[in-house]
Amino acid sequence: MIDDIERIRAAAPAAVEAASSVDELRAVEADLLGRRGSLTELKKGLGALDPDARREVGAALNLARGSIEELVEARRAALEGAERAAVIAAERLDLTERTGHRTRGALHLVTQTWDRLVDVFIGMGFTVAEGPEVETDWYNFEALNIPAAHPARGMWDTLYVDLGDPETVLLRTHTSPVQIRVMTETPPPIYAVMPGRVYRRDTADATHMPVFHQIEGLVIDRDISFADMAGTLEAFTSAYFGGSIHSRLRPSYFPFTEPSAEYDINCVFCEGSGCRTCSQTGWLELGGCGMVHPNVLRNVGLDGEEWTGFAFGFGLDRLALMRHGVDDIREMYSGDVRFLEQFPS
Ligand code: FA5
């Protein structure tokens, strides 16, 4: 029996070393030390021995068990360490993948544009107001002289919210409802800009997003004329784009302004000489504007004989594209670090 014990002990290191995973090691351990293992089987023969031999064989069995247990424990620690290291390596996130990574983040281009626009208008004497993104039909349409079933509602593909009566609560399609809120809450004179996020059922393409931003402007005072609006927009254009870019107004239609116009600026890509982006016209359309319609003044309880004013609404994302020469609005929302890094502050 002593020989058998010695044979098992001598073979154990190679068997333990050959186990290449914790599971395999568990099987080897069971073969050697388990309830049906080879050492346990030998132990069952102890009862048949005389007392001296039993003592001698028993001591040899205990020694062999002790040394095999040590081997198994050492191998288990090594295998567990290797398996943990493999998991860590497989799940490793390489945060240093991009060279020249910055230690500090920056505001998104839209936020930077928002702040810059607000700064320009504050410099021109305007205040800043904001309104809710979930609006009622009254603020987004009715009060702006767009009654239910009016064909002009087709100008804005609307996303309705499942609240109250059908088609009474919606995601605002423009920032113009904030005009109504400002006029009902603040007595004139009013000189305010209203930046914000808006929603339309538009398909994303190079110049459109279903969620985008506008900045609304509203002036209500005595003796305000169309010339005041044209002058204000031209002053804004040079302050925001620099002196080489100018604006023009083209006749247009909005139910809440009369007369209405489209606000264009010289194409910033070709500076007016004509290119693919501006369809060879030399001009880029940025928004709408006009004199506040008498019906709108009436809807908010203002006397149209005493007060007149103008309003405008520009695509804020488009202003950002124009100012920075970006030719696809979707780039701004891709979250691609290579794009974002170009606008550090
Ligand atoms: C309006 O939304 C009017 N509320 C503007 C206005 C305000 C007119 C006050 C008169 C007085 P319009 O739908 O044209 O108008 O949108 C204004 C600008 O928002 C567009 O010129 C464009 O620059 C931008 N815009 C419109 N749709 C999108 C879109 N899907 N993605 C990005 N920008 C857009």
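Residues numbered from 1 in each chain as written. Predicted model: local features only at pLDDT ≥ 70, side-chain atom pairs only at ≥ 80, totals over all residues. Heavy atoms only, no water.

Student: Looking at this structure, I do not really get the overall build of the protein. What am I missing?
Tutor: Within the protein, the regular secondary structure consists of 11 helices and 10 strands. In terms of overall dimensions, the protein is more spread out than a globule: its C-alpha atoms have a radius of gyration of 39 Å, far above the 20 Å expected for 345 residues. For the protein, the C-alpha atoms occupy an extent of roughly 125 × 50 × 35 Å along the three principal directions. Within the protein, the proportion of its 345 residues that are buried is 42%. Counting contacts in the protein only where the partners sit at least 6 residues apart, residues at least 24 apart contribute 66% of the total. Approximately 18400 Å² of the protein is accessible, and the part contributed by carbon and sulfur atoms is 52%. (Helix = DSSP H or I, 4+ residues; strand = E, 2+ residues; numbered from the N terminus. Rg over C-alpha atoms; globule rule 2.2 N^0.38 Å. Buried < 20%, exposed > 50% of the residue type's maximum accessible area, 1.4 Å probe, protein only. Contact = heavy atoms within 4.5 Å. Areas by Shrake-Rupley, 256 points an atom, 1.4 Å probe, with all protein chains shown as cover.)

Student: How should the nonpolar core be read in this particular structure?
Tutor: Across soluble globular proteins, you tend to see nonpolar side chains buried next to one another. Core analysis: the largest hydrophobic core is formed by 43 residues, its most contacted members being Phe-236 and Leu-319. When contributions to this core are tallied by element, the ones reaching two or more residues are helix H5 (109-123), strand E5 (190-199), strand E6 (211-221), helix H8 (226-241), strand E8 (257-266), strand E9 (283-292), strand E10 (308-315) and helix H10 (316-324). Look past the residues within four positions of Phe-236 in its chain and what remains in contact with it is Leu-117, Val-120, Phe-121, Met-124, Tyr-263, Phe-314 and Leu-319. With 27 residues, the next largest nonpolar core counts Leu-144, Ile-220, Val-292 and Trp-307 among its residues. (Core = buried A, V, L, I, M, F, W, Y, C linked by side-chain atoms within 4.5 Å.)

Student: What is the right way to read the site of the ligand from this model?
Tutor: Looking at the ligand, there are 26 residues lining it, with His-174, Ser-176, Arg-200, Asp-202 and Met-209 nearest. His-174 places a polar side-chain atom, nitrogen or oxygen, 2.9 Å from a nitrogen atom of the ligand. For the ligand, the accessible surface in isolation is 680 Å², of which the surrounding protein chains cover 95%. Broken down by secondary-structure element, the contributors of at least two residues to the shell around the ligand are helix H7 (176-185), E6, E9 and E10. (Near = heavy atom within 4 Å. Polar contact = N/O pair within 3.5 Å; in protein donor to acceptor, adjacent residues only side chain to side chain.)

Student: I tried to follow the pairing of E8 on my own but got confused; where do I start?
Tutor: Strand residues, when the strand is regular, have side chains that alternate between the two faces of the sheet. The buried count for E8 comes to eight of 10 residues, which makes it a mostly enclosed element. Bridge count between E8 and E9: eight bridges; the pairing is antiparallel. Its bridge partner lying in E9, Ile-265 is registered against Leu-284. (Pairing = 2+ DSSP bridges.)

Student: Hey, could you run me through the side chain of Thr-158 in this one?
Tutor: Along the chain, Thr-158 falls in the loop between helix H6 (137-140) and strand E3 (159-160). The residues touching Thr-158, leaving out its near neighbours within four places in the chain, are Phe-141, Leu-170, Thr-173 and Arg-201.

Student: Mind showing me how you'd approach the packing of H5 against H8 here?
Tutor: How two helices sit against one another is set out by the angle between their axes and by the gap between those axes. Remark: H5 packs on H8, axes separated minimally by 10 Å, with the N-to-C direction vectors making an angle of 130°. In terms of orientation, H5 and H8 fall into the oblique class. Note that H5 runs across H8; the crossing there is right-handed. Along the contact surface, H5 presents Thr-113, Arg-116, Leu-117, Val-120 and Phe-121, while H8 presents Phe-236, Ala-239 and Tyr-240. Across the contact of H5 with H8, the residue classes break down as six nonpolar, one polar and one charged. (Axes fitted to C-alpha atoms, helices over the stretch in contact; angles between N-to-C directions. Parallel < 35°, antiparallel > 145°, perpendicular 65-115°, else oblique. Left-handed = near helix turned anticlockwise from the far one by under 90°. Nonpolar A, V, L, I, M, F, W, Y, C, P; charged D, E, K, R; others polar.)

Student: Quick question: what am I supposed to make of the sheet that holds strand E7 (residues 247-254) here?
Tutor: Strand pairing within a sheet occurs via backbone hydrogen bonds; the two strands may be parallel or antiparallel. With respect to topology, seven strands assemble into an open sheet ordered E1-E5-E6-E10-E9-E8-E7, the strand pairing being mixed. The open sheet is flanked by strand E1 (127-128) and E7, the only strands paired with a single partner. Here E6 pairs with E10 via eight bridges, running antiparallel. Residue pairing across strands places Glu-216 opposite Gly-313, the latter belonging to E10.

Student: What's the story with the side chain of Gln-112 in this structure? I'm lost.
Tutor: Assignment of secondary structure puts Gln-112 in helix H5. Here Gln-112 falls in the buried class, since its relative accessible area comes to 6%. A distance of 2.9 Å separates the side chain of Gln-112 from the backbone oxygen of Phe-343, its partner in a polar contact. Among all residues touching Gln-112, those that are not within four sequence positions of it are Leu-107, Phe-343, Pro-344 and Ser-345.

Student: When you look at the domain arrangement of the protein in this model, what are you seeing that I'm missing?
Tutor: Much of the literature gives interface size as the accessible area that the parts lose upon coming together. Domain annotation of the protein identifies domain 1 (2-91) and domain 2 (109-340). With centres defined by C-alpha atoms, the gap from domain 1 to domain 2 works out at 80 Å. (Domains from an automatic or database assignment.)

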